[in-house]
Amino acid sequence: MSGNMFNKKIGFISFSTFFVFILLLHFTFADQSPPKNVLLLHSDYRGYEWTETIEDEIKSFFVKNKDNIELSVEYMDIKRHPCKNFCLKLFEFYKNKYKNMKFDVIIVTDIEALNFLKEYSDKLFIDTSIVYCGIYDDEKLKDDRCIGVIEEINIQNSIYNILKIHPNTKNIIFITDQTSRGRYYQKKIKNEKIQYANINIETWDELEISRLMDNIKNLPKESVIFFMYPILKNDFKNIMPIDAINIIKENVHIPIYSFWDVFLNNGITGGFLIEAKEEGIETAKLVKEVLNKKDISSVENNFKIKKNWIFDYNELEKFDISLNDLPKGSKIVNKPSSAYSIDKKIVHYILMYIVIMLICFIGILAMNIQKRKKIQKKLKDHINFMDMLMNTIPNPIFYRNKQGVYIGCNKSFEEFIGLKKEEIIGYSTYDLFYKDIADRYCQRDEELICNGGVQVYESKIYNKDKSHKYAIFHKAVYTNEKGEREGIIGVISDITDRKNMEIDLMESEERYSQLIELLPDGLAICDNDKIEFVNTSSVKLFGANKKEELIGRNIHDFIYKDYCETVQNRIKKVVKYKEDVPLLEQKAVRINGELIDVEGKIIPFWIDGKRKYVSLIRDITERKQTEALKRKIQEAEEQDKIKTEFFANLSHELRTPLNLIFSSIQLLELDFKNKDLWRNEQIFNKRMKVLKQNGYRLLRLVNNLIDITKIDSGYFELDIQNYNIVSIVEEITLSVVEYMMQKKIHLQFDTDIEEKIIACDPDKLERILLNLFSNAVKFTNPGGCVYVNVLDQIDGILIEVSDTGVGIPKDQVELIFQRFKQVDKSLRRNHEGSGIGLSLVESLVKMQGGNIWVNSKVGQGTKFSIKFPEHIVDMKKDKSLKENIAQPYTERIHIEFSDIYVS
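Cut-offs applied
- Residues numbered from 1 in each chain as written.
- Predicted model: local features only at pLDDT ≥ 70, side-chain atom pairs only at ≥ 80, totals over all residues.
- Heavy atoms only, no water.
- Salt bridge = Lys/Arg side-chain N within 4 Å of Asp/Glu carboxyl O.
- Helix = DSSP H or I, 4+ residues; strand = E, 2+ residues; numbered from the N terminus.
- Buried < 20%, exposed > 50% of the residue type's maximum accessible area, 1.4 Å probe, protein only.
- pLDDT = per-residue confidence, 0-100.
- Contact = heavy atoms within 4.5 Å.
- Pairing = 2+ DSSP bridges.
- Core = buried A, V, L, I, M, F, W, Y, C linked by side-chain atoms within 4.5 Å.
- Patch = residues over 30% accessible without salt bridge, like charges linked within 9 Å, V, L, I, M, F, W, Y side chains within 5 Å.
- Areas by Shrake-Rupley, 256 points an atom, 1.4 Å probe, with all protein chains shown as cover.
- Axes fitted to C-alpha atoms, helices over the stretch in contact; angles between N-to-C directions.
- Left-handed = near helix turned anticlockwise from the far one by under 90°.
- Nonpolar A, V, L, I, M, F, W, Y, C, P; charged D, E, K, R; others polar.
- Phe/Tyr/Trp six-rings, centres within 6.5 Å; stacked < 30°, edge-to-face > 60°.
- Lys NZ or Arg CZ within 6 Å of the ring centre and 35° of its normal.

## Focus on the pattern of salt bridges
Inference 1: Scanning the model with the defined rule gives 33 salt bridges in all.
Inference 2: The salt bridge partner of Lys610 is Asp527, with a shortest N-O separation of 3.2 Å. With Lys610 in strand E25 (residues 610-619) and Asp527 in strand E21 (residues 522-527), this residue pair connects regions lying 83 residues apart in the sequence.
Inference 3: The exposure class of Asp527 is buried, given its relative accessible area of 13%.
Inference 4: Between Glu800 and Lys863 there is a salt bridge, and its shortest N-O distance comes to 3.9 Å. Of this pair, Glu800 sits in strand E30 (residues 796-803) while Lys863 sits in strand E32 (residues 861-869); the two residues are 63 residues apart in sequence, bridging distant segments of the chain.
Inference 5: For Glu800, a relative accessible area of 13% translates into the label buried.
Inference 6: The exposure class assigned to Lys863 is partly exposed, which follows from its relative accessible area of 29%.
Inference 7: Connected through salt bridges with shared partners, the residues Asp521, Glu585, Glu599, Arg618, Arg623, Lys624 and Glu627 form a single ionic network.

Below is the structure:
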């Protein structure tokens, strides 16, 4: 028996040696035929272990078999982004990327990539064979162009064996999700009708990880979990299966099983697992078979991957599971290695194997020597090519050794110094240039060789024929194969023509500088906001004594802080985006801190190869003062006009209730004389109602005027305490229901929160809401609706009062909060009012830290929105929180609704 085993080992090692030798020979003489183009589309993202293992195995298979295949790989990440728009963008991207490529085979991993390919393949890859892997549902594979590897899991067999390992199990939980994969597994579990006495079998498709964890923690200890590749969520973000199973493992002590080996070492105890390596190898085999046969219909379809029982030794130890309880033939990973001995015959054979390998390598070495000779010939040809290339470069190029002797140059260098190559090569710097120039060159060369790096400088060159040129030198150190510095290589740029132009330009600049100094406006040239030049007018504009006080400073030092960001954005548009910007009026700061009004213009220009900008500044202080004076005159006229309208309106507001009061008194006197008053109680009540309502109306007007005056003078006080604002708003709303019913207006209150404690003044809140209700009643016809909504927000509370009334014209919405302003200013308008109610409301809201705004459409209605911040004050007198304010609202309602008459 041992002899047979030894013979098998000998045969295996011999075969391995022969295979390695053939592989090395194949590597040396590789086939250079055109490669086959294969595209690999992954459903997952780069970095996902299962996908990358499959990809590695496919690549390894092609390399081992020396298949001449050009493999393109795309990670679609479509599982985490399953939306239609994302797939459409992928289609557009691949369409442009691969529009000029023809693929022989396309490999897809998982159903998401296959679905994408089926939808878009006719537009992307026409008549291209598809090999899939990791597909779980063979019902979706009815396509003549598709073959591949199917992932078939055996749930019945898995449960049967797991119950042998855990005989006390009471619950078996399958964790899935709501994807097509999850629904497929749920259906499969249901169709197999798995039933065991006294065992509860459930499938969970809860997506939220936190809720799933709560459910798992409530499971009894006699439970087993099957992890079915779910994609879960946390705070609206997808959690991929590897991360999800690690979260579960860290928080519960329940054995977890699965059907994929990617979860090994990530929390599962084991299972009847599909191995990613096997899936990758089988997929590669199918691809090769398709490429060889060129007819996909002749290839056996839908290969089902073999599965193995695999367990994690560490997890078995954790749950005290005996190896004897495992299914026969199970693989164990992470198992500690044990000591072993090697047969002497095997040792002898290993030595023989090493000898054979040495012979192989000697043969390969001989072949590599021949290959090296070919490389040397190629290198020689390459050197000749580089010499030819150097001679075609227009810039002069030279290289010399550490002793300053020239050992090479190109034709441009010969022409530059006026000598032939034979007069240059082998000669030193001192042979070609004057001594003082050669001294400078050699000194710089020594510094460069000592320090390394790159040396760039400009120099004036005098040749032996006494002619001179201007040049820029770019020099660097070259080294030998040991990294030792051997000498200097240099590239020269002839700038003689440019230098002559610069001299002419300097003369021209002198003329233009005189012109700039005569400009009446300030001019500043800036580089990165640093002032480099100013004219005399700028010195005068900023109150300086000389130019040096401005040059070198940041331009923002002279810009008022409120304009710094605007000016910086304008500079960025000009310098970076090359956009034109108009004149800008702004505030400038003089040397002594004085503010002046200016208008500025920024103009870009190039200088010394760098983009800078010119700032033109004009003093417009006098012009602004004149404009300000005109505005004040216009504002004064407008205020006079507003006051005139207000007093006209106020006189109407006072005269109307007073006339009604006097009329009612006269009628009462007449009734009293005629003794009709006592006989007709209805007439008496009617007269008293008119008196009381108009008295309230006068009281409301006087109260509003007094409160506005107090607010303006700073004497208005608030009683801020902590209250349940939802209860206050609801009570105020309910207090006007009866009044609304009299006006045949439906009132509806709604809230999304029952309690919200914030700091506020309930009396002022009542006044605010009653004023808004009064406006809603005035401008809503009978049969209309008024809605009051209280909405909870993260940073406070939002109160909305909306109606279905006549609405406010768009051009009048901005006026309603202005004091003494009214949308309808005529004395014959439909409803009464002084024009200060909403102004007072806005002031009361803002004094409590809130904000109010309005949205309205003519003919559709108006909505007022009030937002109070979530703020609580320290209760010094009474620390208890008040649920509501038990105050009578009747009197205040009569006052606030006094300018609305009920028949």
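Back to the text.
## With respect to the confidence of the model for the protein chain
Inference 1: On average, residues of the protein chain score 80 in pLDDT, and 82% of them are at 70 or above.
Inference 2: The low-confidence segment residues 18-31, where pLDDT is below 50, has twelve contacts with residues more than four positions distant or belonging to other chains.
Inference 3: Between residues 825-832, whose pLDDT stays under 50, and residues either more than four places distant or in other chains, the model counts 16 contacts.

## Considerations on unusual backbone geometry
Inference 1: Backbone geometry at Asp77 places phi at a positive 55 degrees, although glycine is not the residue there.
Inference 2: Taking the relative accessible area as the measure of exposure, Asp77 reaches 12% and is therefore buried.
Inference 3: Of note in the backbone geometry, Asp110 takes a positive phi value of approximately 75 degrees without being a glycine.
Inference 4: Here Asp110 is to be found in helix H4 (residues 110-124).

## Here's the deal with the pairing of strand E6 (residues 171-175)
Inference 1: Most of E6 is tucked away: five of the five residues are buried.
Inference 2: Judged from the five bridges that link them, E6 and strand E7 (residues 200-204) form a sheet pairing that is parallel. What sits directly across from Phe174, in E7, is Thr203.
Inference 3: The sheet contact formed by E6 and strand E8 (residues 223-227) spans five bridges and is parallel.

## Description of the nonpolar core
Nonpolar side chains tend to gather and get buried jointly when the protein is soluble and globular.
Inference 1: The biggest cluster of nonpolar side chains holds 102 residues, and the ones touching the most others in it are Phe116, Ile216, Phe226 and Trp260.
Inference 2: With seven residues, H4 is the single largest residue contributor to this core.
Inference 3: Filtering out sequence-adjacent residues up to four positions away, Trp260 remains in contact with Trp50, Glu151, Ile153, Arg181, Tyr185, Phe227, Met228, Tyr229, Ile268, Leu273 and Ile274.
Inference 4: Judged by nonpolar contacts, the second largest core, of 46 residues, contains Leu747, Ala776, Val777 and Leu840.

## Considering the side chain of Glu315
Inference 1: Examined against the element boundaries, Glu315 turns out to sit in helix H10 (residues 313-318).
Inference 2: Classification of Glu315 by relative accessible area gives buried; the value is 6%.
Inference 3: Beyond its immediate stretch of four places on either side in the chain, Glu315 contacts Lys249, Gly267, Ile268 and Thr269.

## A look at a nonpolar patch on the surface
Inference 1: Taken together, the side chains of Val347, Ile350, Leu351, Ile354 and Leu358 define a hydrophobic patch exposed on the protein surface, amounting to about 420 Å² of accessible area.
Inference 2: Relative to the helices and strands, Ile350 is located in helix H11 (residues 344-392).
Inference 3: Since its relative accessible area comes to 36%, Ile350 is described here as partly exposed.

## Quick word on helix H23 (residues 837-847)
Inference 1: Counting buried residues in H23 gives nine out of eleven residues, a clear majority hidden from the surface.
Inference 2: All buried positions along H23 are accounted for by Gly837, Leu838, Ser839, Leu840, Val841, Glu842, Ser843, Leu844 and Val845.
Inference 3: Within two residues after H23, Gly849 carries a phi angle of roughly 80 degrees, on the positive side.

## A word on the pairing of strand E24 (residues 595-607)
Inference 1: Relative to E24, strand E23 (residues 584-589) runs antiparallel, the two being bridged by six bridges. Looking at the pairing, Glu585 lines up with Glu599 of E24.
Inference 2: Remark: five residues form the turn of the hairpin made by E23 and E24, two consecutive strands paired antiparallel; Gly593 in that turn has positive phi of roughly 90 degrees.
Inference 3: With ten bridges joining them, E24 and E25 adopt antiparallel strand pairing. When the sheet's bridge partners are listed, Glu599 is paired in E25 with Arg618.
Inference 4: Taken together, E24 and the strand that follows it, E25, pair antiparallel across an intervening segment of two residues, in which Asp608 is found at a positive phi of about 55 degrees.

## Remarks on the packing of helix H22 (residues 762-778) against H23
Inference 1: Packing of H22 against H23 brings their axes to within 10 Å, and their N-to-C directions diverge by 145 degrees. H22 and H23 meet at a crossing whose hand is left-handed. Of H23, the residues touching H22 (which contributes Lys764, Arg767, Ile768, Asn771, Leu772 and Asn775) are Gly837, Leu838, Leu840, Val841, Leu844 and Val845.
Inference 2: Taken together, the residues of the contact of H22 with H23 sort by class into seven nonpolar, three polar and two charged.

## Some thoughts on the sheet that holds strand E27 (residues 746-751)
Inference 1: Ordered by their spatial adjacency, five strands build an open sheet running E27-E29-E30-E32-E31, and the pairing between neighbours is mixed. Both edges of this open sheet fall to E27 and strand E31 (851-857), since each of them pairs with a single strand only. Strand-to-strand twist in this sheet, taken as the mean axis angle between neighbours without regard to direction, amounts to 15 degrees.
Inference 2: One ladder, built from seven bridges, connects E31 with E32; its direction is antiparallel. When the sheet's bridge partners are listed, Val854 is paired in E32 with Phe864.
Inference 3: Contacting E27, strand E29 (785-793), E30 and E32, helix H20 (residues 725-735) crosses the sheet at an angle of about 170 degrees to E27.

## Points about the packing of helix H7 (residues 209-217) against helix H8 (residues 241-251)
Inference 1: Where H7 contacts H8, the axes come no closer than 11 Å and their chain directions differ by 35 degrees. H8 is crossed by H7, and the crossing has right-handed handedness. Residues Ile209, Met213, Ile216 and Lys217 of H7 pack against Ile247, Ile248 and Asn251 of H8.

## Overview of the packing of aromatic side chains
Inference 1: This model, assessed by the stated rule, comprises 29 aromatic pairs.
Inference 2: Taking the centre distance of 6.3 Å and the plane angle of 40 degrees together, the rings of Tyr94 and Tyr98 count as tilted.
Inference 3: When its relative accessible area of 7% is taken as the criterion, Tyr98 is described as buried.
Inference 4: With centroids separated by 5.9 Å and ring planes inclined at 55 degrees, the aromatic side chains of Tyr185 and Trp260 adopt a geometry described as tilted. Within this pair, whereas Tyr185 is found in helix H6 (residues 180-191), its partner Trp260 is found in the loop between strand E11 (256-257) and strand E12 (270-274), the two being separated by 75 residues in sequence.
Inference 5: Relative accessible area serves as the criterion here: at 1%, Tyr185 is assigned to the buried category.
Inference 6: Given a relative accessible area of 0%, Trp260 falls into the buried group.
Inference 7: Feature note: the residues Phe174, Tyr184, Tyr185, Phe226, Phe227, Tyr229, Tyr257, Phe259, Trp260 and Phe263 constitute an aromatic cluster, connected by ring pairs.
Inference 8: If you follow Arg444 out to its NZ or CZ, it ends over the ring of Tyr457, 3.9 Å from the centre.

## Examining the sheet that holds strand E16 (residues 397-401)
Strand-to-strand pairing in sheets goes through backbone hydrogen bonds, with the strands running parallel or antiparallel.
Inference 1: Sheet architecture is open: five strands sit in the order E17-E16-E20-E19-E18, paired in antiparallel fashion. The open sheet has two edge strands with one neighbour each: strand E17 (406-409) and strand E18 (454-462). Recorded for the sheet is a direction-independent mean angle of 25 degrees between the axes of neighbouring strands.
Inference 2: As defined by bridge partners, E16 adjoins E17 across three bridges and the pair is classed as antiparallel. Residue Phe398 lies in a different strand from E17, and its bridge partner there is Cys409.
Inference 3: In the packing of helix H14 (residues 435-451) onto the sheet, contacts are made with E16, E18, strand E19 (468-479) and strand E20 (485-494), and the angle to E18 comes to roughly 175 degrees.
Inference 4: Helix H15 (residues 496-517) rests against E18, E19 and E20 of the sheet, and its axis sits at about 130 degrees to E19.

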